[in-house]
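Inside the fold
Below, each chain spelled out in residue letters.
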Amino acid sequence: MFMDYNTIQNYCKQLLITSKLAGNAILEIYNSEEIGLESKSDASPLTKADLAANTIICDALRAMSPEIPIISEENENLSYLTRGGWEYCWIVDPLDGTKEFVKKNGEFTTNIALIHGNKVIAGVVYIPVLKEMYFAIKDNGAYQIVDGEAIQLEAKTYTITDKNLKVVCSRSHLNDDTKKFIDKLDNPEMIVKGSSLKFLAIAKGEADLYPRMAPTMEWDTAAAQIILEEAGGSLCNEDSNEPMIYNKEHLLNPFFIARGKEIYIETTS
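Heads up: these notes are all about the structure in this document.

1. What about the overall build of the protein?
- Counting its secondary structure elements, the protein contains seven helices and 16 strands.
- Its C-alpha radius of gyration of 18 Å places the protein within 12% of the 18 Å reference for a compact globule of 269 residues.
- For the protein, the computed accessible surface area is about 12,800 Å², with 50% contributed by carbon and sulfur atoms.
- Looking at the protein, you have 26 positive and 40 negative side-chain charges, and the mean spots of the two groups are 4 Å apart.

2. Focus on helix α5 (residues 176-183)
- Looking only at α5, the buried set comprises Thr178, Phe181 and Ile182. Projected down its long axis, α5 shows its buried positions confined to an angular sector of 100°, all on one face. Summarising the geometry of α5, the exposed residues directed more than 90 degrees from the buried face are Asp176, Lys180 and Asp183.
- The elements touched by buried residues of α5 are β11 (166-170), β12 (189-193), β13 (209-212) and β15 (256-259).

3. Structural notes on helix α2 (residues 48-64)
- In a regular helix each residue adds 1.5 Å, so 17 residues correspond to 24 Å; α2 covers 24 Å between its end C-alpha atoms and thus fits that length.
- Those residues of α2 that fall on the buried side of the exposure criterion are Ala49, Asp50, Ala53, Asn54, Ile57, Cys58 and Leu61. Down the axis of α2, the sector holding all buried residues measures 140°, keeping them to one side.
- Packing partners of the buried residues in α2 comprise α1 (5-30), β2 (45-46), β3 (70-72), β4 (88-96), α4 (98-103) and β5 (109-116).
- Where α2 begins, the side chain of Thr47 points an oxygen toward the backbone nitrogen of Ala49, at a separation of 3.1 Å.

4. Re the sheet that holds strand β9 (residues 149-152)
- The seven strands lie next to each other as β3-β4-β5-β6-β7-β8-β9, forming an open sheet whose pairing is mixed. In this open sheet, the two edge strands, each paired with only one partner strand, are β3 and β9. Across the sheet, the mean angle separating the axes of adjacent strands is 20° when strand polarity is ignored.
- Strand direction decides the pairing type here: strand β6 (residues 119-127) and strand β7 (residues 132-137), joined by six bridges, are antiparallel.

5. What to know about the side chain of Asp208
- If you trace the backbone, Asp208 turns up in the loop between α6 (197-203) and β13.
- Discounting residues that sit within four places of it in the chain, Asp208 has contacts with Lys156, Tyr158, Leu165, Lys166, Ile202, Ala258, Arg259 and Gly260.

6. So, the pairing of β9
- Sheet analysis places strand β8 (residues 142-146) next to β9, joined by four bridges and oriented antiparallel. By the bridge assignment, Gln144 is partnered in β9 with Ile151.
- Counting the residues in the hairpin turn of β8 and β9 gives two residues, including Asp147, whose phi is positive at 50°.

7. Let's talk about the environment of Phe101
- On the secondary structure map, Phe101 appears in helix α4.
- Looking at Phe101, the relative accessible area reads 1%, which means it is buried.
- Expressed as a C-alpha distance, the spacing of Phe101 and Pro66, which sit 35 residues apart in the sequence, is 31 Å.
- Setting aside chain neighbours within four positions, we find Phe101 in contact with Ile26, Ile29, Tyr30, Ile35, Thr47, Ala49, Leu95 and Phe108.

8. Points about the environment of Ala52
- You can see Ala52 is positioned in helix α2.
- Along the backbone, Ala52 and Phe255 are 203 residues apart, and their C-alpha atoms lie at a distance of 30 Å.

9. Considering a negative patch on the surface
- Together, Asp176, Asp177, Glu238 and Asp239 make up a region of like negative charge exposed at the surface.
- Checked against the element boundaries, Asp177 lands in helix α5.
- Using a relative accessible area of 40% as the deciding quantity, one classes Asp177 as partly exposed.

10. Thoughts on unusual backbone geometry
- In the Ramachandran plot, Asp139 falls in the positive-phi region, its phi being about 70° despite a non-glycine side chain.
- Of note, the phi angle at Asp147 is positive, near 50°, even though the residue is not glycine.
- Looking at the secondary structure, you find Asp147 in the loop between β8 and β9.
- The class of Asp147 is exposed, set by a relative accessible area of 79%.

11. Quick word on the environment of Thr161
- Secondary-structure assignment places Thr161 in the loop between β10 (157-158) and β11.
- Through-space distance from the C-alpha of Thr161 to that of Ala222 is 28 Å; in sequence the pair is 61 residues apart.

12. With respect to the nonpolar core
- Membership of the largest hydrophobic core comes to 37 residues, with the highest contact counts inside it found for Ile91, Ile115, Phe199, Ile227, Leu235 and Tyr246.
- If you list the elements that add at least two residues to this core, you get β4, β5, β6, β7, α6, α7 (218-230) and β15.
- With seven residues, the top contributor of residues to this core is α7.
- Every residue in contact with Phe199, bar those within four places of it in the chain, is listed here: Tyr210, Asp220, Thr221, Ala224, Leu228, Leu235, Phe256 and Ala258.

Each value, and the rule that gives it
- Residues numbered from 1 in each chain as written.
- Predicted model: local features only at pLDDT ≥ 70, side-chain atom pairs only at ≥ 80, totals over all residues.
- Heavy atoms only, no water.
- Helix = DSSP H or I, 4+ residues; strand = E, 2+ residues; numbered from the N terminus.
- Rg over C-alpha atoms; globule rule 2.2 N^0.38 Å.
- Areas by Shrake-Rupley, 256 points an atom, 1.4 Å probe, with all protein chains shown as cover.
- Lys, Arg positive; Asp, Glu negative; His and termini not counted.
- Charge placed at Lys NZ, Arg CZ, Asp CG, Glu CD.
- Buried < 20%, exposed > 50% of the residue type's maximum accessible area, 1.4 Å probe, protein only.
- Arc of directions from axis to C-beta.
- Contact = heavy atoms within 4.5 Å.
- Expected span 1.5 Å × (residues − 1).
- Polar contact = N/O pair within 3.5 Å; in protein donor to acceptor, adjacent residues only side chain to side chain.
- Pairing = 2+ DSSP bridges.
- Axes fitted to C-alpha atoms, helices over the stretch in contact; angles between N-to-C directions.
- Patch = residues over 30% accessible without salt bridge, like charges linked within 9 Å, V, L, I, M, F, W, Y side chains within 5 Å.
- Salt bridge = Lys/Arg side-chain N within 4 Å of Asp/Glu carboxyl O.
- Core = buried A, V, L, I, M, F, W, Y, C linked by side-chain atoms within 4.5 Å.

Spelled out as structure tokens, the structure:
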């Protein structure tokens, strides 16, 4: 099945609407007195907002593209024996940053990505509290919608030896291995954010780097990756420096480094 640009563009237009609907449902619960907090089997938090947003998004995707399967954090996902043969799939995090949602700091998003093979080719990220919408389609740029207009995003240019690099890190998951990477930089400025806001900060040119030497899942990164890449940045495996791939046998991501437009300077021995 070949999907042309017009089809992907039409999907994205629908995703913008769906993301906002899911965001509104999240905010309704966020502003209520009862968020229905539970713990999943891996001890991560789950709320009524996660489930409500998941239902809205997955129902919309099934209605829009019934032939394309869905991988979502809140769904029971199929084995790789089945998934491995998929040409296209959706990867969804209906509420990225549930810990931030519970803390009431507003730093959470909805993430929807379209995957072809094992590469992300389109993505939408919505910040419900700020009512900010971001999207990207492969080879067509990354954008934020501002007052109904699509404003193109561009990551900053830097070298790793620059002083005072702006390094974005997790509000809830900053660990020793990540700190070791940051400690090698020249007097970096730390910026703490939750959820996909870290990737968006780089895509918008507000930060340079996001090292993550801690576990994440595919739905945590897919939608934000295409936005970052189309803004000129990258999201690569920390060991191999290869771009992150999706619908893997195991949905756990390797450790990674998200970058803006890093310029590599050759050194002579």
